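Architecture at a glance
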Protein chains: 2
Amino acid sequence: MRVLGVDPGLTRCGLGVVDGLPGRRARMVAVDVIRTPAGSELGSRLLGISDAVEGWMDQVRPDVVAVERVFSQNNLSTVMGTAQAAGVTVLAAARRNIPVVMHTPSEVKAAVTGSGRADKAQVTAMVQRILQLSEAPRPADAADALALAICHLWRDGTAAVMPASAAGSGGGATAAQQAWVAAIEASKKGSRAR
Amino acid sequence: MRVLGVDPGLTRCGLGVVDGLPGRRARMVAVDVIRTPAGSELGSRLLGISDAVEGWMDQVRPDVVAVERVFSQNNLSTVMGTAQAAGVTVLAAARRNIPVVMHTPSEVKAAVTGSGRADKAQVTAMVQRILQLSEAPRPADAADALALAICHLWRDGTAAVMPASAAGSGGGATAAQQAWVAAIEASKKGSRAR
């Protein structure tokens, strides 16, 4: 299963593609951040995002698009633009009959770090470990897009799932699950050391 | 000049087309309300709105699209969907190189009724009078879309403009301006009579 994660935004829109298979490690396919100039008209900014997102959808052919659910309680000055960037992304997927799932920021954080209140550095560190990347994905929007894709793969149960200990059932963890548990533990140690 | 006014919304999206020429009465070309079912997925709702808006743009070929500016301070439960409906409208216009203008609800109310705090009934009554419609446009979203188009024509100075008395300069009102003043006065009397 291939997931395109989208962290929507007018100024920076994170796009990350992750492949996952049952019992296999999640693998990064591509990651990028689309930027549109703050001084441009809304229409040209939305067009830039829509064209980029449509290009990615046509090229990487995701099975599902995971979009961050925007809340109106967020930063009021950016929330309308974020909602509109999310809207054109959802529209582009609907035009291609690609299913869209929405995940809240805390669901994504909990999926990759074990805590819904993890900070950006922790999310980035976990994404790097889970996908075995030689470098941390930058900026945070890129890491968030990959985290969204991982979150969906794990919640969907297609790829490595929550560790058996957390799920309350004994044993039977796959190699990927064990790697995930090890990564979570390493991340916690790293956080404590700081 | 032909203006397509759009009162964005997921459940009801008002569309109204008004033609205006300098010194001539504004004329309604078309009006409708697009509805998408509340139970449907966001993607299919945005697709329905986008397809309808694109169809209108291709058929009526507006010179400009006037969209209501959405504020995040509005009703929190609907504001995200409204922003997304506005987003796909702005995107559709940008794809066709049609300029988009945004007007706030109070700008629109002030343009057609003289008061930024006018209620829906007053806006509907004025839209009916300004466009000389035999029936009041219903529902309110249809009237709001027409009011947006009228607002843009008048603010733009292309069609009948603010009455000379309001603009602070004496005399020289066109027939359309005089008709507008008469309509405003009639509306005020009507309100008092109720």
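Residues numbered from 1 in each chain as written. Chains lettered and ligands numbered in written order. Predicted model: local features only at pLDDT ≥ 70, side-chain atom pairs only at ≥ 80, totals over all residues. Heavy atoms only, no water.

Naming follows an unreviewed UniProt entry, where chain A appears as Crossover junction endodeoxyribonuclease RuvC of Kineosporia babensis. Per UniProt, chain A has the following entry under Subcellular location (unreviewed entry): "Cytoplasm". (UniProt positions renumbered as here; feature names shortened; annotations may be inferred.)

**Considering helix α4 (residues 120–130) of chain B**
For α4 of chain B, every residue scored as buried is listed here: Gln 122, Val 123, Thr 124, Ala 125, Met 126, Val 127 and Ile 130 of chain B. One or two positions beyond α4 of chain B, positive phi appears at Gln 132 of chain B, with a value near 50°. (Buried < 20%, exposed > 50% of the residue type's maximum accessible area, 1.4 Å probe, protein only. Helix = DSSP H or I, 4+ residues; strand = E, 2+ residues; numbered from the N terminus.)

**Some thoughts on the relation of the copies chain A and chain B**
For the pair chain A and chain B, the superposition axis carries a translation of 0.0 Å, the fit reaches an RMSD of 0.0 Å, and the rotation angle comes to 180°. Such a combination of rotation and displacement between the chain copies is what one expects of a two-fold axis. The rotation axis passes nearest to the C-alpha of Gln 84 of chain A in chain A, at a distance of 2.4 Å. Taken as a fraction of all interface residues of chain A, those also at the interface in chain B reach 100%, which identifies the copy contact as same-surface. (Least-squares fit on C-alpha atoms with pLDDT ≥ 70 in both. Contact = heavy atoms within 4.5 Å.)

**Some remarks on the UniProt feature "active site" (unreviewed entry) in chain A**
Residue and element names in this part refer to chain A. When the UniProt feature table is mapped onto this chain numbering, "active site" (unreviewed entry) sits at Asp 7, Glu 68 and Asp 141. What stands out for the annotated residues spanning 135 residues is how close their C-alpha atoms remain, the widest pair being 10.9 Å apart. By the secondary structure assignment, Asp 7 is in strand β1 (residues 2–7). Relative accessible area serves as the criterion here: at 7%, Asp 7 is assigned to the buried category. Beyond its immediate stretch of four places on either side in the chain, Asp 7 contacts Arg 12, Cys 13, Gly 14, Glu 68, Asp 141, Asp 144, Ala 145 and Leu 148. With respect to the element layout, Glu 68 can be found in strand β4 (residues 64–68).

**Quick look at the sheet that holds strand β3 (residues 27–35) of chain A**
Residue and element names in this part refer to chain A. What the five strands build is an open sheet, ordered β3-β2-β1-β4-β5; its pairing is mixed. Single-partner strands in this sheet number two, and they are β3 and β5 (100–103). Averaged over all neighbouring strand pairs, the angle between strand axes comes to 20°, with direction disregarded. Sitting on the sheet, helix α1 (residues 42–60) is in contact with β1, β2 (12–19), β3 and β4, with an inclination near 10° to β2. (Pairing = 2+ DSSP bridges. Axes fitted to C-alpha atoms, helices over the stretch in contact; angles between N-to-C directions.)

**Focus: the sheet that holds strand β3 (residues 27–35) of chain B**
All names here are of chain B. Read across the sheet, five strands follow the order β3-β2-β1-β4-β5 without closing on themselves; strand pairing throughout is mixed. Each edge of the open sheet is held by one strand with a lone partner, namely β3 and β5 (100–103). Going across the sheet, the axis of each strand differs from the next one's by a mean of 20°, ignoring polarity. Sheet topology places strand β2 (residues 12–19) next to β3; eight bridges connect them, and they run antiparallel. By the bridge assignment, Val 18 is partnered in β3 with Met 28.

**Examining the packing of helix α3 (residues 105–113) of chain A against helix α4 (residues 120–130) of chain A**
Residues and elements named next belong to chain A. Closest axis-to-axis distance for the α3/α4 pair is 9 Å, and the angle between their directions is 50°. Comparing the axis directions of α3 and α4 gives the class oblique. In this structure, the crossing between α3 and α4 has a hand that is left-handed. Touching Lys 109, Val 112 and Thr 113 of α3 are Gln 122, Val 123, Met 126 and Ile 130, all from α4. (Parallel < 35°, antiparallel > 145°, perpendicular 65-115°, else oblique. Left-handed = near helix turned anticlockwise from the far one by under 90°.)

**Considering unusual backbone geometry**
Of note, the amide linkage connecting Arg 138 of chain A to Pro 139 of chain A takes the cis form, showing an omega dihedral of -10°. Examined against the element boundaries, Pro 139 of chain A turns out to sit in the loop between α4 and α5 (140–156). Here the phi dihedral of Gln 132 of chain A falls at roughly 50°; this positive angle occurs in a residue that is not glycine. With respect to the secondary-structure elements, Gln 132 of chain A resides in the loop between α4 and α5. For Gln 132 of chain A, a relative accessible area of 56% corresponds to the exposed category. Even without a glycine there, the phi angle at Arg 61 of chain B is positive, about 45°. Along the chain, Arg 61 of chain B falls in the loop between α1 (42–60) and β4 (64–68). Of the residues examined, Arg 61 of chain B reaches a relative accessible area of 65% and is grouped as exposed.

**Observations regarding the interface of chain A and chain B**
Contacts between the two partners involve 24 residues from chain A, matched on the other side by 24 residues from chain B. The contact between chain A and chain B buries some 1900 Å² in all, and 72% of this surface belongs to carbon and sulfur atoms. Among the salt bridges present, the one from Arg 95 of chain B reaches Glu 54 of chain A, with a minimum N-O distance of 3.5 Å. In this structure, the connection of chain A to chain B is made through seven residue pairs in polar contact (both at pLDDT 80 or more). Mapped by element, the contributors of at least two residues to the side of chain A that touches chain B are α1 and α2 (76–95) of chain A. No other element matches α2 of chain A, which puts twelve residues into the side of chain A that touches chain B. (Buried area = accessible area lost by both parts, 1.4 Å probe. Salt bridge = Lys/Arg side-chain N within 4 Å of Asp/Glu carboxyl O. Polar contact = N/O pair within 3.5 Å; in protein donor to acceptor, adjacent residues only side chain to side chain.)

**What to know about the UniProt feature "binding site: Mg(2+) 1" (unreviewed entry) in chain A**
Residues and elements named next belong to chain A. UniProt marks Asp 7 and Asp 141 with the feature "binding site: Mg(2+) 1" (unreviewed entry), using the numbering shown here. Taking the relative accessible area as the measure of exposure, Asp 141 reaches 13% and is therefore buried. For Asp 141, the residues in contact, after removing those within four places along its chain, are Asp 7, Arg 12, Gly 14 and Val 33. Side-chain polar atoms of Asp 141 contact the side chain of Arg 12, separated by 2.9 Å.

**Some thoughts on the environment of Val 64 of chain A**
Mapping Val 64 of chain A onto the fold places it in strand β4. Excluding anything up to four places from it in sequence, Val 64 of chain A contacts Met 1, Arg 2, Val 3, Leu 4, Ile 98, Pro 99, Val 101 and His 152 of chain A.

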